[in-house]
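Analysis of the macromolecular model
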Amino acid sequence: MITEKDRVLADAPLHLNKPDQPWEVTVEGDSIVARWKWMDALFFAPGVVSGEIRDFTFTVTLKGNGVWEEVDGSSKRSVAASNGGMKFSVSKFAGMSWKKSIQIGLGKDNRTGEAGVVGFSMDTATIKEPVRDYLTACGWKKAGVFEEIRLKMKQWMGGD
């Protein structure tokens, strides 16, 4: 039995947000959005100080026929100072990804205040699995390739 879309969306934060997890779920329109700022740090190396923030977003959009579509997003923002100069960079990604990342360095974790050798790790499955499990328990299915094409055609033709 499929739980109605409005109920799935309303209950998502209650079921998915847990005090012991590093990410948070919000609802935006017909989408469940899970966000994780998995790194916020200052790193120190000889002659260089750099600040880096990395985050990951997993968005599932519920369609009216018991099917969801999903997309990943990530961003990296950094600033580095060395030899009297500054370098800024920003990168963003949107699409589908599966990623594990580990970063260790001498610096400071801005989230905890911990300083010294600091480490950060991220695995996209940490967010994706609980969200997918919740939707599956509500009777929903991930859109396959053919379902995604059908939904896109319906949107182009002025439907859902």
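Coordinates for the structure precede this section.
These lines cover the structure that appears in this document, whether it is placed above or below. Not measured: the values here are computed from a predicted model.

Observations concerning the pattern of salt bridges
Applying the stated criterion across every chain yields a total of 12 salt bridges. A salt bridge links arginine 35 to glutamate 28; the nearest nitrogen and oxygen atoms lie 2.9 Å apart. Looking at glutamate 28, the relative accessible area reads 39%, which means it is partly exposed. We note a salt bridge from arginine 77 to aspartate 55, for which the minimum N-O separation is 3.3 Å. Highlighted residues: arginine 77 in strand S4 (residues 67-82) and aspartate 55 in strand S3 (residues 48-62), separated in sequence by 22 residues. On the basis of relative accessible area, aspartate 55 is assigned to the buried category, the value being 18%.

Things to note about unusual backbone geometry
Not every positive phi belongs to a glycine, and asparagine 83 is a case in point at roughly 50°. Structurally, asparagine 83 can be placed in the loop between S4 and strand S5 (85-95).

Thoughts on the environment of serine 89
The topology assignment puts serine 89 in strand S5. Separated by 13 residues in the primary sequence, serine 89 and lysine 76 place their C-alpha atoms 7.9 Å from one another. For serine 89, the side chain forms a polar contact with the side chain of serine 78, separated by 2.7 Å.

Digging into helix H2 (residues 125-137)
One turn of an α-helix holds 3.6 residues; hence residues three or four places apart share an orientation. When the terminal C-alpha atoms of H2 are compared, their 17 Å separation across 13 residues agrees well with the 18 Å that a helix rising 1.5 Å per residue should span. Among the residues of H2, Ala125, Ile127, Lys128, Val131, Tyr134 and Leu135 are the ones counted as buried. Tucked inside the fold, the buried residues of H2 contact helix H1 (5-16), strand S2 (31-45), S3, S4 and strand S7 (115-123). After H2 finishes, the residue glycine 139 shows a positive phi value of roughly 90°.

What counts, and at which threshold
- Residues numbered from 1 in each chain as written.
- Predicted model: local features only at pLDDT ≥ 70, side-chain atom pairs only at ≥ 80, totals over all residues.
- Heavy atoms only, no water.
- Salt bridge = Lys/Arg side-chain N within 4 Å of Asp/Glu carboxyl O.
- Buried < 20%, exposed > 50% of the residue type's maximum accessible area, 1.4 Å probe, protein only.
- Helix = DSSP H or I, 4+ residues; strand = E, 2+ residues; numbered from the N terminus.
- Polar contact = N/O pair within 3.5 Å; in protein donor to acceptor, adjacent residues only side chain to side chain.
- Expected span 1.5 Å × (residues − 1).
- Contact = heavy atoms within 4.5 Å.

In short, geometric facts, not functional conclusions.
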